[in-house]
Amino acid sequence: MMSLCWTKGGQARQYGTMSLLFALFAIFGWQPALATAIEAVDVTPDRITVQFDDYVENASAFVLDNPYRIAIDVTGARAGTGSGQAGPIRAVRQGQYDPQTARLVLDLARPAIFGNGSFSADGRSFTLDIRPASHIQFASAATAGRASFLPPMAFRARPPRGRGELTVRLPRATPPGQTSLPTIQGPRGRPLVVIDAGHGGHDPGSISPFGNRHEKDATLAIARATRDALLASGRVRVALTRDDDRFLVLRERYQIARRLGAELFISIHADSAPNTDANGATIYTLSEVASDRETAQLARRENSADIINGVNLGGADSEVRSILIDLTRRETMNISARFASLLRREAGDTVPFRADYHRSADFGVLTAPDLPSVLFESGYLTNAADARRLFSRDGQRAIASGLADAIETHFARRTASTD
Ligand code: ZN
């Protein structure tokens, strides 16, 4: 149930942590850690060419709506000089997204999408074809995700030693006094999903009128069954935020996923309603309205804190910073929304869904700007048929099997599109 569990408590501290996190990106970004820089940008009405002064690792592009934009990430490069405008491209901006990644943002005067992308034979430039598109084509491209492009093997930069430095540092930015991290299970090198069983301990969640059973027990059973299904096929790694009947505040659930480096976060719940006919599962993702407001808050907070951890951030371009945060957040929202429809498709055979199965809302646990997250309300404890499913071993396994299929397909798709 949401009204009990998705309170706003602890959000202020989350913002603090995230601001610090983005500040760290920014600090690292300004250090000239990478040899390769963007040297020039050449824009024509139907393509953009980015030139480098040395080899890079790869480039990827994605489309973002509202306003119309195309983003290009270049891994193994730092943002440099060059802009331009032509055709639908109104302006090109550059910023350092993280220590390894330069990001170019193409502001579009009208809808346009990208087609082919390719590196030159010497790996020193990357060209992305741009073509006009209808609003519908653009909207479809905006949900299609990221396309990746590799330089020729002989002219490709290798990831530098110490690549993991930033990801090692980020957990230290979280406040002290956290619960210890749960164990990650599954084969090394596989993507990581963190599954969060809602409620626990002194917080039972909703209580079913059928047998007086607690939401916290159903969510834990479903989380465990999902983990077991995933481990059985061995395609992903899994961690549970809780594997027993303990209480975790919202912030801890979200931070566990972040600190473990999860690539997908699923929080499992069960709904309740006064109307006992209400039934079926619902998937929630963060709403764009909430997202915009939080992006603004993040940026504002960050901008007001010029000195964080003794490092002076003054002089940074606050507009560029808020753009970088905003773009990441929007891409994350798109990925979350795609996962929601995937889950509906994969689990729909065994689990009834509400007609309006995908809804968005302002939930604290979904506000991670860079972690695709969904909240899965697996059914209504107040409906007889749903309650039977949620509290029976077979029903829990059926839900878990749909979840596991969707998670595996999600990561399989992603792997297919990134190389
Ligand atoms: Zn709940």
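Given the structure is predicted, the values throughout are model-derived calculations rather than measurements. Residue numbers here run from 1 along each chain, matching the order of that chain's written sequence. pLDDT decides what is reported in this predicted model: residues at 70 or higher carry local features, side-chain atom pairs at 80 or more are listed and counted, and totals for whole chains, interfaces and linings draw on all residues regardless. Note that the side-chain values use all heavy atoms of the structure and ignore hydrogens as well as water.

## Considerations on the confidence of the model for the protein chain
Note on scores: pLDDT gives the predictor's confidence for each residue, bounded by 0 and 100. Of the residues in the protein chain, 74% have a pLDDT of 70 or more, and the chain-wide mean is 79. Note that residues 162–178 has pLDDT below 50 and, in this model, 25 contacts with residues that lie over four places away or in other chains. For this analysis, residues touch if any pair of their heavy atoms sits within 4.5 Å. Segment residues 301–316 is flagged for pLDDT under 50; beyond a separation of four residues in sequence, or across chains, it makes 28 contacts in the model.

## Some thoughts on helix H5 (residues 215–233)
Its 19 residues give H5 an end-to-end C-alpha distance of 28 Å, which sits within 8% of 27 Å, the value for a rise of 1.5 Å per residue. Partly exposed residues are those whose accessible area sits between 20% and 50% of the maximum for their type, while under 20% is buried and over 50% is exposed, using a 1.4 Å probe and protein chains only. The way it works is that DSSP assigns letters per residue, a run of H or I at least four long becomes a helix, a run of E at least two long becomes a strand, and they are numbered from the N terminus. Among all positions of H5, only Glu215, Lys216, Ala218, Thr219, Leu220, Ile222, Ala223, Ala225, Thr226, Arg227 and Leu230 are buried. One less than the residue count of a helix, multiplied by 1.5 Å, gives the span that helix is expected to have.

## Some thoughts on the nonpolar core
Nonpolar core, defined: a set of buried Ala, Val, Leu, Ile, Met, Phe, Trp, Tyr and Cys residues in which side-chain atoms within 4.5 Å join the residues together. Of all hydrophobic cores here, the largest spans 35 residues; its most connected members are Val193, Ile195, Ile266, Phe339, Phe376 and Ile407. The element contributing the most residues to this core is helix H10 (residues 393–417), with 6 residues. What Ile195 contacts, discounting residues up to four positions off in sequence, is Ala223, Thr226, Arg227, Leu230, Val238, Ala239, Leu240, Thr241, Ile266, Ile268 and Ile407.

## Thoughts on the environment of Gly145
Looking at the element boundaries, Gly145 is found in the loop between helix H3 (135–142) and strand E9 (147–149). Taking the C-alpha atoms as reference, Gly145 lies 9.5 Å from Leu64; in sequence the two are 81 residues apart. Beyond its immediate sequence surroundings of up to four residues, Gly145 is in contact with Ala61, Phe62 and Arg338.

## What about the side chain of Glu408?
With respect to the element layout, Glu408 can be found in helix H10. Polar contacts here mean pairs of N or O atoms no more than 3.5 Å apart (in protein, one a potential hydrogen donor and the other a potential acceptor; neighbouring residues in sequence count only if both atoms are side-chain atoms). Of note is the side chain of Glu408, whose polar atom sits 2.3 Å from the side chain of Ser233. Contact partners of Glu408, with chain neighbours within four places excluded, come to Leu230, Ser233 and Arg235.

## Notes on the sheet that holds strand E8 (residues 125–132)
In this description, strands pair whenever DSSP reports at least two bridges between them. Strand order across the open sheet formed by 4 strands is E1-E2-E8-E7, with antiparallel pairing between neighbours. Two strands in the sheet have a free side with no partner beyond their single neighbour: strand E1 (38–44) and strand E7 (112–119). Averaged over all neighbouring strand pairs, the angle between strand axes comes to 15°, with direction disregarded. The pairing of E1 with strand E2 (residues 47–52) spans 6 bridges and is classified as antiparallel. Looking at E2, one finds that Asp42 is bridged to Thr49. Only C-alpha atoms enter the line fits that serve as axes; for helices the fit covers just the stretch in contact. Angles between N-to-C directions range over 0 to 180 degrees.

## Concerning the pairing of strand E11 (residues 237–240)
When strand E10 (residues 192–197) meets E11, the two strands line up parallel, connected through 4 bridges. Bridged to Val194 within E11 is Ala239. When the strands point away from the viewer and the path from the first strand over the helix to the second turns clockwise, the crossover is right-handed. The handedness of the E10 to E11 crossover, carried by H5, is right-handed.

## Some points on unusual backbone geometry
In this chain, Asn66 is followed by Pro67 through a cis amide linkage whose omega measures 0°. Positive phi, close to 60°, is recorded for Asn66, a residue that is not glycine. One can find Asn66 in the loop between strand E3 (58–64) and strand E4 (69–75). The class of Asn66 is partly exposed, set by a relative accessible area of 46%. With a phi angle near 60°, Asn212 is a residue other than glycine that sits in the positive phi range. Assignment of secondary structure puts Asn212 in the loop between E10 and H5.

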